[in-house]
Amino acid sequence: MSGVPKPIPVQADDRERGSPILDLLRQSPDFQVTVSRLKVGDYLVDGRFLFERKTLTDLVAAIIDGRLFKQALRLAGTPLRPVMILEGTSRDFADSGMRWESVQGALVTVALFCGIPLLRTRTPGETVRTMLFAARQAQTCANGALPRHGWRPKGKQARQLYILQGLPNIGPERARRLLARFNCVGAVMSARTEDLCSVSGIGRKLASKLRWSVDEPRARYHHSIMTGS
């Protein structure tokens, strides 16, 4: 049907057959899954993102036996866009017996010196949604819905739309509707959840995400990124 996004191709490593991620990908209408051996990584999404997924338990084990840095270097050596997803909560980490400072030092090496982006998720379902967000946002950028790096919009309205498109899941059309409803960026940022829901295409879930993105205290956000709690 016209307007319905095409399923995103995912190549899953055959060693992931027992993973809940593979089952969720197969159940989702947003993905078209094939299984084969990957030389590096666990999931190749949309032919561009190479995801290495680790639960926090896996992460600790990989640090202890030295696999983490070898895997990070192999990921960094691919021509694709490597991403490491760390899945789990602070409760999972609490039983590992490893100090957080040791884990943090390893992650600094992976992110800053190997150049591998780190994304945090709490559950397998959230991991799959993160893969979907990454692929859809890349497609949006490729289609020109967001400005290219270095581009600066001319005119006040264009700049306002540019700013609003930086909010979670807000594309060009939703940005235009928000601006038409609230007249300025400041009013959007301070709008109540109920008022945001009055805009066509913005439900309560998205409205709550918008409120979270502008209201969440920095210290609490930093703690949630590092601990998953």
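Residue numbering note: each chain is counted from 1, following its sequence as written. Local features in this predicted model are restricted to residues of pLDDT 70 or higher, and side-chain atom pairs are both shown and tallied only at a pLDDT of 80 or more, whereas totals for entire chains, interfaces and linings draw on every residue. Side-chain figures throughout are based on the complete set of non-hydrogen atoms in the structure, without hydrogens or water.

Colleague: Describe the confidence of the model for the chain, listing the residues and the values that go with them.
Modeller: Atom-level detail of predicted coordinates should not be read off regions where pLDDT is low. Considering every residue of the chain, the mean pLDDT works out to 83; 84% of them sit at 70 or more. Of all helices and strands in the chain, the one with the weakest mean pLDDT is helix H12 (residues 218-227) (41), whereas strand S3 (residues 43-45) scores best (97). As a per-residue measure, pLDDT tells how confident the predictor is, with possible values from 0 to 100. Residues count as neighbours in contact if any of their non-hydrogen atoms are within 4.5 Å of one another. Within the model, pLDDT remains below 50 along residues 216-229, and this stretch shows 18 contacts once partners closer than five positions in the same chain are excluded. A run of H or I in DSSP counts as a helix once it spans at least four residues, and a run of E counts as a strand once it spans at least two, with each numbered from the N terminus.

Colleague: Residues and numbers for the environment of Val110, please.
Modeller: Assignment of secondary structure puts Val110 in helix H5 (residues 100-113). The buried label goes to any residue with under 20% of its type's maximum accessible area, the exposed label to any with over 50%, and the partly exposed label to all in between, with areas taken from a 1.4 Å probe on protein chains only. Val110 gets classed as buried once you look at its relative accessible area, which sits at 0%. Between the alpha carbons of Val110 and Met84 there is a distance of 9.1 Å; along the sequence they are 26 residues apart. Not counting residues up to four positions away in its chain, the partners in contact with Val110 are Leu68, Ala72, Met84, Gly115, Ile116 and Leu118.

Colleague: If you had to explain the nonpolar core to someone new, which residues and values would you point to?
Modeller: Take the buried Ala, Val, Leu, Ile, Met, Phe, Trp, Tyr and Cys residues and link them wherever side-chain atoms come within 4.5 Å; each set so joined is a nonpolar core. Judged by nonpolar contacts, the single largest core of 22 residues is most densely connected at Leu59, Ile63, Leu68, Met84, Val103 and Ile116. Listing elements by their share of this core, those giving two or more residues are helix H2 (56-65), helix H3 (67-76), strand S5 (81-87) and H5. Sort the elements by how many residues they give to this core and H2 lands first, with 5 residues. Counting residues in hydrophobic clusters, the runner-up holds 18 residues, among them Leu22, Val45, Val83 and Leu132.

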